[in-house]
Every structure is written in C-alpha cells, then in structure tokens.
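Residues per chain are reported as follows:
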Amino acid sequence: MVSSYFMSLLLKIGVPEDRLLVLEGKGGIVEDEFEGIKYIRFRDSAKGFRRGTVVFENGEVVLGFSHIKRVVQLENGIKRVFKNRPFYVEEKVDGYNVRVVKVGDRVLALTRGGFVCPFTTERIGDFVNFEFFGDYPNLVLAGEMAGPESPYIVEGPPYVMEDIRFFLFDIQDKGTGKSLPVEERYKLAEEYGIPQVERFGLFDRSRIDDLYGLIERLSRENREGIVMKTPDMKRIAKYVTPYANINDIKIGSHIFFDLPHGYFMGRIKRLAFYLAEKHVKGDDFDEYAKALGKALLRPFVESIHEVAQGGDIEEVFTVRVKNISTAHRMVTHFERLGVKIHIEDIEDLKNGYWRITFKRVYPDATREIRDLWKGLAF
Ligand code: ATP
C-alpha cells in the first residue's frame with residue numbers, strides 16, 4: 001500500500017490520477033524505506049516516469065535509466081542510428097547499473113530497478129568524491145559497478161582483479177533525467193577525479209574499419225563491448241563482442257532452467273550476425289561454433305551431474321563490506337527481489353573491510369533437473 005502522503009506527492013509532481021490509481025492497484029509503484037528515508041520506486045513506467053524512477057519523500061525525483069538501443073549488424077546499425085553524425089565511442093563495462101544521488105545529507109546508490117542498494121550505498125564513497133554533490137546537488141552520476149566481488153553479476157571485466165570498482169558513463173539532471181553533453185561529462189569527471197569508462201574517441205561511419213578493429217581487440221581481451229553516443233547524448237547505441245555473447249551463454253547455461261529462453265536466443269542471434277557481417281569462415285568459423293557449443297552444453301551438463309548426485313544448483317559470490325550489518329541487509333534486500341541467499345562465511349580482512357561469502361540456491365532449476373533425471377515424462 002502506498003501512503004496517502006506519497007499519493008498526493010505523486011499527483012503533485014505530475015503523475016496522472018487515473019494512471020496512478022491503476023499503478024497502485026497492481027503494485028506498479030511501491031513504497032520502500034532505507035535507513036529512515038522513505039521513497040517510492042516505479043516498477044512500471046507512467047507518463048515520463050520511466051521504470052526504475054525513484055521519488056523521495058522530500059519530493060525529489062530521480063528518473064529511471066533509459067533503455068539503450070542495441071545494434072547487431074554494426075555497419076548498418078551505425079548508418080541507421082547516427083546517419084552522418086559523429087559519435088563518441090566508450091567501453092561497455094560489464095557490471096551493474098547504479099545511479100548515485102544526494103538526497104538531503106545522504107549520498108545513495110540506486111539500482112536499475114529503483115532500490116536503494118545497501119551494499120553499493122555503503123561502498124560508493126570509496127570510488128566517488130562526494131565534493132561533487134556539494135557543488136552539483138542536482139546532478140545524478142550514472143555508472144557501472146564492476147569487478148569479481150559483486151552481489152549481482154557473476155564475473156567482472158578482466159582488468160578489475162579484485163573487489164569492485166565504479167565507472168562513470170553518464171551524468172543526468174535529477175528532475176528531468178536529461179544527460180549532460182559528452183564533453184561536459186568527461187570534463188567534470190576529470191575535475192573531480194571520478195573514475196570513468198574507457199573512452200575511445202570520436203568516430204563516424206566512415207571509420208567502420210577502425211570500429212571492427214576495436215571490437216576484435218575488445219573481444220580478444222575478454223571485454224563486453226562498446227556504447228556509441230552523439231556529443232549531445234540524443235542518440236545512443238550499444239554493440240557487444242562475440243566474446244561477451246559466448247561468455248554470457250556459458251554463465252547462463254549453469255542455471256539453464258532459471259533463465260528465459262530469450263536469454264540464450266538473443267545471444268546466439270547476435271553471434272550469428274557477427275559471423276555473417278564479418279564473413280567468418282573456415283577454421284575461425286569452426287572455432288566459434290565449438291566455443292558456442294561448449295558454452296551452451298558444458299555447464300548445463302555439469303549442473304545435471306551435480307543434481308544427479310544429490311546436490312543443488314547454486315552460486316557462491318563474495319563482497320567486501322565495512323560493516324557486517326550491510327551483509328545482513330543484503331540478505332533482506334535479495335529477499336525483496338524474490339531471491340534466497342544466505343551468508344556462508346565472514347572473514348576479517350584487517351583493513352577495515354569484511355569479506356562476506358554468500359550462497360544463492362536456485363530451487364526451480366534444481367527441481368526441474370531432479371524431476372527430469374528421475375525420469376519424469378511429459
Ligand atoms: P537496456 O535496458 O539499456 O537494454 P540491459 O539491462 O539490457 O539494458 P545491457 O544490454 O547490458 O543492459 O546494456 C545497457 C547497460 O550497459 C546500461 O544500462 C549500463 O548499465 C551499461 N553500461 C556499461 N557501460 C556503459 C557505457 N559506457 N555507457 C552506457 N551504458 C553502459
């Protein structure tokens with residue numbers, strides 16, 4: 001139930017009354033709280049308020065992060081999205097999306113879905129200079145949290161060897177969600193020492209061969225891909241490397257039954273378009289085919305063995321926190337996401353941090369494999 005205080009606040013900031021009632025009725029807006037700070041998160045969108053939008057009790061609005069268009073045929077995709085306009089190219093860092101905002105006297109980290117994340121909020125000060133918010137309280141820093149010790153993502157980029165790091169890729173205005181022009185963001189990030197995604201410079205469609213070369217290098221270096229943006233941030237498109245498509249399949253096939261079929265189909269499709277666009281043939285083609293087959297089958301078969309021997313499908317991950325209470329809050333946070341995790345181990349790193357090991361069990365995937373292995377026919 002959303003309180004009458006928030007209902008009238010939402011009306012005041014412009015959510016149409018009929019839409020508001022529908023959203024409230026079907027749980028499309030949810031009231032939540034983080035350390036005494038009350039907020040609403042939008043699970044669905046409503047006129048100008050994108051999914052993931054957060055409204056705080058003081059009336060401040062942080063709009064949800066927009067969907068970025070994906071191109072699968074690079075040359076034609078670029079022609080279509082950018083026409084003759086130049087565009088900046090940045091690395092697409094493989095992690096999870098956060099929006100960092102100052103609300104009252106607190107700096108909070110919001111997930112894509114609009115939750116205040118207890119872990120990221122505790123750690124964000126390790127990476128972002130909060131003086132920025134003293135000077136620009138109305139700006140939102142959007143970036144990727146990435147690394148091997150992440151609560152939401154199984155792997156990180158190859159150059160983050162331990163823990164987790166923040167990589168800025170957008171600065172937006174709080175109320176409107178409008179992005180700052182690319183050069184302005186680059187300048188502000190440098191001025192305040194905020195770490196950014198790697199930048200590859202300004203391109204246009206005539207430099208397609210350089211882009212192909214870049215994609216090949218990133219793929220070889222086990223990196224996820226690129227995001228292309230016009231200087232005014234009005235047109236944005238993403239493209240992922242063949243490495244990332246195959247690697248995602250490898251990670252996903254371990255929990256095959258827990259993922260929608262579209263997860264696998266989308267990545268196979270993108271890989272096929274890459275092979276066709278680059279006319280990959282002969283031994284190179286065979287290598288991709290083998291890598292795809294292995295990625296799809298090996299972790300899946302290993303999971304079947306695991307369950308056949310009486311085990312569960314599970315994932316273990318670690319994070320570093322400053323307070324053990326943050327780890328307990330993450331367990332509650334995951335519960336609200338409908339995910340069951342528990343703490344397996346707590347280690348004092350003796351540097352002000354604790355390394356927490358969590359285990360996540362996948363009951364649906366486990367049950368499905370168990371039933372099929374036992375001979376259930378359908
Ligand atoms: P979308 O709704 O945009 O399709 P998604 O959840 O399917 O998002 P992805 O396909 O991984 O996610 O791609 C978009 C995400 O990539 C962004 O939401 C952002 O978190 C992440 N990202 C990483 N690096 C960048 C970058 N340089 N610029 C923009 N986004 C980036």
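Preceding this paragraph is the structure being described.
Heads up: these notes are all about the structure in this document. Only a predicted model underlies this, so the values are computations on that prediction, with no experimental measurement involved.

What about the nonpolar core?
At step 1: The biggest cluster of nonpolar side chains holds 34 residues, and the ones touching the most others in it are Phe132, Leu141, Phe166, Ile194 and Phe358.
At step 2: At the level of secondary structure, the elements contributing two or more residues to this core comprise strand S7 (96-103), helix H5 (131-135), strand S9 (139-146), strand S10 (165-173), helix H6 (182-192), strand S14 (314-321), helix H11 (324-336) and strand S16 (354-361).
At step 3: The biggest single contributor to this core is H11, with 4 residues.
At step 4: With 29 residues, the next largest nonpolar core counts Ile78, Phe82, Tyr212 and Leu275 among its residues.

Here we look at a positive patch on the surface
At step 1: Taken together, the side chains of Lys250, Lys290, Lys294 and Arg298 make up a positively charged region of the molecular surface.
At step 2: Top element by residues in the positive patch is helix H10 (residues 282-308). It accounts for 3 residues.
At step 3: Taking the relative accessible area as the measure of exposure, Lys290 reaches 56% and is therefore exposed.

Side note on the side chain of Thr121
At step 1: Topologically, Thr121 is positioned in helix H4 (residues 118-123).
At step 2: Here the side chain of Thr121 touches Ala109 through a polar contact of 3.0 Å, landing on its backbone nitrogen.
At step 3: Contact partners of Thr121, with chain neighbours within four places excluded, come to Phe34, Arg106, Val107, Leu108, Ala109 and Val116.

Digging into the pattern of salt bridges
At step 1: Counted under the stated rule, the structure contains 28 salt bridges.
At step 2: Of the charged contacts, one joins Arg336 and Asp32 as a salt bridge, the two residues approaching to 2.2 Å between their closest N and O atoms. Here the residue Arg336 occupies a position in helix H11, and Asp32 occupies one in strand S1 (residues 29-34), the gap between them amounting to 304 residues.
At step 3: Connected through salt bridges with shared partners, the residues Glu91, Glu198, Arg217, Glu221 and Arg223 form a single ionic network.

Criteria and cut-off values
- Residues numbered from 1 in each chain as written.
- Predicted model: local features only at pLDDT ≥ 70, side-chain atom pairs only at ≥ 80, totals over all residues.
- Heavy atoms only, no water.
- Core = buried A, V, L, I, M, F, W, Y, C linked by side-chain atoms within 4.5 Å.
- Buried < 20%, exposed > 50% of the residue type's maximum accessible area, 1.4 Å probe, protein only.
- Helix = DSSP H or I, 4+ residues; strand = E, 2+ residues; numbered from the N terminus.
- Patch = residues over 30% accessible without salt bridge, like charges linked within 9 Å, V, L, I, M, F, W, Y side chains within 5 Å.
- Areas by Shrake-Rupley, 256 points an atom, 1.4 Å probe, with all protein chains shown as cover.
- Salt bridge = Lys/Arg side-chain N within 4 Å of Asp/Glu carboxyl O.
- Lys, Arg positive; Asp, Glu negative; His and termini not counted.
- Charge placed at Lys NZ, Arg CZ, Asp CG, Glu CD.
- Polar contact = N/O pair within 3.5 Å; in protein donor to acceptor, adjacent residues only side chain to side chain.
- Contact = heavy atoms within 4.5 Å.

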